[in-house]
Amino acid sequence: MGVAVIKLKNPPVNSLSLEVLTEFVISLEKLENDKTFRGVIVTSDCPGIFSAGLDLTEMCGKSQAHYAEYWRAVQELWLRLYLSNLVLIAAINGVSPAGGCLMSLTCDYRVLADNPKYNMGLNETLLGIVAPSWFKDTLVNTVGHRTAERALQLGLLFPPAEALRVGMVDQVVPEDQVHSTALSVMAQWLAVPDHARQLTKNLMRKPTADRLVKQRDADIQYFLRFISRDSIQKSLRVYLDKLRQKKG
Ligand SMILES: CCCCCCCCCCCCC/C=C/C(=O)SCCNC(=O)CCNC(=O)[C@H](O)C(C)(C)COP(=O)(O)OP(=O)(O)OC[C@H]1O[C@@H](n2cnc3c(N)ncnc32)[C@H](O)[C@@H]1OP(=O)(O)O
């Protein structure tokens, strides 16, 4: 039925490095241009981890030029995914904090594996950073304003039952059924004529995407100012050190 599977593979935690973001955009563009494909299942090849989100090492201790290049790549992937003409279904087979959650929120439908460890949410505040307005918009468009307001301020990571309850995911299924469920949901979405579904998707999502498109450069400058602050760099270093020391 013209369905591709994009399996993220950047061990150990599928962090969204500049390279991963760039390759993801290229793969998506190829699929968009190949008319034999109408849908994509986005999933992970890293056991237990859908994606650890943006790569913190790309946002810490690097040059301004690097931050700018990285942020443009984050924007680009979000725009491509959010406005994709393809049906995108996230088969979430692991934990998905922050950017990992955002990636799934850009999809048209989310199937999450029923494993209490597989938390998802925008936890940026717990790192001492702030989810940008377009991350916020994506969450609001999915779960509504009040749930998003509370989740964003508290940096909540929802276990599967809670994620389902607040509407962050559409279905929670046993782990071994995530892929087959994504495939059967895909069949339902592909039963709708492409042009009508695509125009409707655009109607729903373009106003949100346009807000970023209209001020992409300003958004990059905003990010640069924010991420370069000593206090923010310090928060990121402390968080990364905590992650690294967890093992030792
Ligand atoms: C005035 C207002 C202004 C507003 C302006 C806004 C401007 C914009 C501001 C900036 C916005 C940024 C938005 C950020 C989005 C993000 O996505 S930030 C990333 C958030 N991610 C996380 O918090 C997840 C962190 N990771 C984990 O919790 C765990 O690693 C895990 C995913 C649950 C997996 O656990 P486990 O299997 O136990 O693996 P670990 O041992 O923890 O990790 C293995 C190695 O991987 C490294 N690592 C983990 N996550 C990341 C990451 N996101 N980036 C880079 N590296 C990561 C970890 O350090 C380990 O490394 P080593 O010890 O070197 O092996």
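Residues numbered from 1 in each chain as written. Predicted model: local features only at pLDDT ≥ 70, side-chain atom pairs only at ≥ 80, totals over all residues. Heavy atoms only, no water.

Notes on the overall build of the protein chain
Thought 1: Assigned secondary structure in the protein chain consists of ten helices and eight strands.
Thought 2: In terms of overall dimensions, the protein chain is globule-like: its C-alpha atoms have a radius of gyration of 17 Å, near the 18 Å expected for 248 residues.
Thought 3: Principal-axis analysis of the C-alpha atoms gives the protein chain an extent of 50 × 40 × 35 Å.
Thought 4: In the protein chain, which comprises 248 residues, the proportion classed as buried is 50%.
Thought 5: Within the structure as shown, the protein chain displays about 12000 Å² of accessible surface, and the carbon and sulfur contribution to it stands at 56%.
Thought 6: For the protein chain, the distance from the average position of its 29 positive side-chain charges to the average position of its 25 negative side-chain charges is 4 Å. (Helix = DSSP H or I, 4+ residues; strand = E, 2+ residues; numbered from the N terminus. Rg over C-alpha atoms; globule rule 2.2 N^0.38 Å. Buried < 20%, exposed > 50% of the residue type's maximum accessible area, 1.4 Å probe, protein only. Areas by Shrake-Rupley, 256 points an atom, 1.4 Å probe, with all protein chains shown as cover. Lys, Arg positive; Asp, Glu negative; His and termini not counted. Charge placed at Lys NZ, Arg CZ, Asp CG, Glu CD.)

Brief notes about the nonpolar core
Thought 1: If you look at the biggest cluster of nonpolar residues, it comprises 79 residues, and the most contacted ones within it are F24, L139 and M168.
Thought 2: Examining the composition of this core, we find that ten residues originate from one element, helix α2 (residues 64–82), more than from any other. (Core = buried A, V, L, I, M, F, W, Y, C linked by side-chain atoms within 4.5 Å.)

Points about the packing of helix α9 (residues 216–228) against helix α10 (residues 230–245)
Thought 1: Taken N-terminus to C-terminus, the directions of α9 and α10 make an angle of 70°; their axes are 5 Å apart at the nearest point. Considering their axes alone, α9 and α10 lie roughly perpendicular with respect to each other. Across the interface between the two elements, F226, I227 and S228 from α9 touch D230, I232, Q233 and L236 from α10.
Thought 2: Class assignment of the residues belonging to the contact of α9 with α10 gives a composition of four nonpolar, two polar and one charged. (Axes fitted to C-alpha atoms, helices over the stretch in contact; angles between N-to-C directions. Parallel < 35°, antiparallel > 145°, perpendicular 65-115°, else oblique. Contact = heavy atoms within 4.5 Å. Nonpolar A, V, L, I, M, F, W, Y, C, P; charged D, E, K, R; others polar.)

Topic: the environment of V192
Thought 1: Here V192 is to be found in the loop between α7 (178–190) and α8 (194–213).
Thought 2: Its relative accessible area of 37% is what places V192 among the partly exposed residues.
Thought 3: C-alpha of V192 to C-alpha of A52: the two residues are 140 residues apart in sequence and 33 Å apart in space.
Thought 4: Leaving out residues up to four positions away in the same chain, V192 has contacts with R38 and R197.

Considering unusual backbone geometry
Thought 1: Following P11, the chain continues into P12 via a peptide bond in cis, with omega recorded as 10°.
Thought 2: Within the secondary structure, P12 sits in the loop between β1 (3–8) and α1 (18–33).
Thought 3: Even without a glycine there, the phi angle at N14 is positive, about 55°.
Thought 4: Summarising the element assignment, N14 is placed in the loop between β1 and α1.
Thought 5: Residue classification places N14 among the buried positions, given a relative accessible area of 2%.

Thoughts on the environment of L156
Thought 1: Here L156 is to be found in the loop between α5 (145–154) and α6 (160–166).
Thought 2: The class of L156 is partly exposed, set by a relative accessible area of 21%.
Thought 3: C-alpha of L156 to C-alpha of M120: the two residues are 36 residues apart in sequence and 8.1 Å apart in space.
Thought 4: In contact with L156, not counting residues within four places along its chain, are M120, G121, L122, R150 and A151.

Describing the pattern of salt bridges
Opposite charge on two side chains makes pairing possible when the charged atoms of those side chains draw close.
Thought 1: Evaluated as defined, the whole model comprises 15 salt bridges.
Thought 2: We note a salt bridge from R216 to E76, for which the minimum N-O separation is 3.0 Å. Within this pair, whereas R216 is found in helix α9, its partner E76 is found in helix α2, the two being separated by 140 residues in sequence.
Thought 3: By relative accessible area, R216 is classed as buried at 16%.
Thought 4: As a salt-bridge pair, K136 and D137 come within 2.8 Å of each other at their nearest N and O atoms.
Thought 5: For K136, a relative accessible area of 34% gives the class partly exposed. (Salt bridge = Lys/Arg side-chain N within 4 Å of Asp/Glu carboxyl O.)

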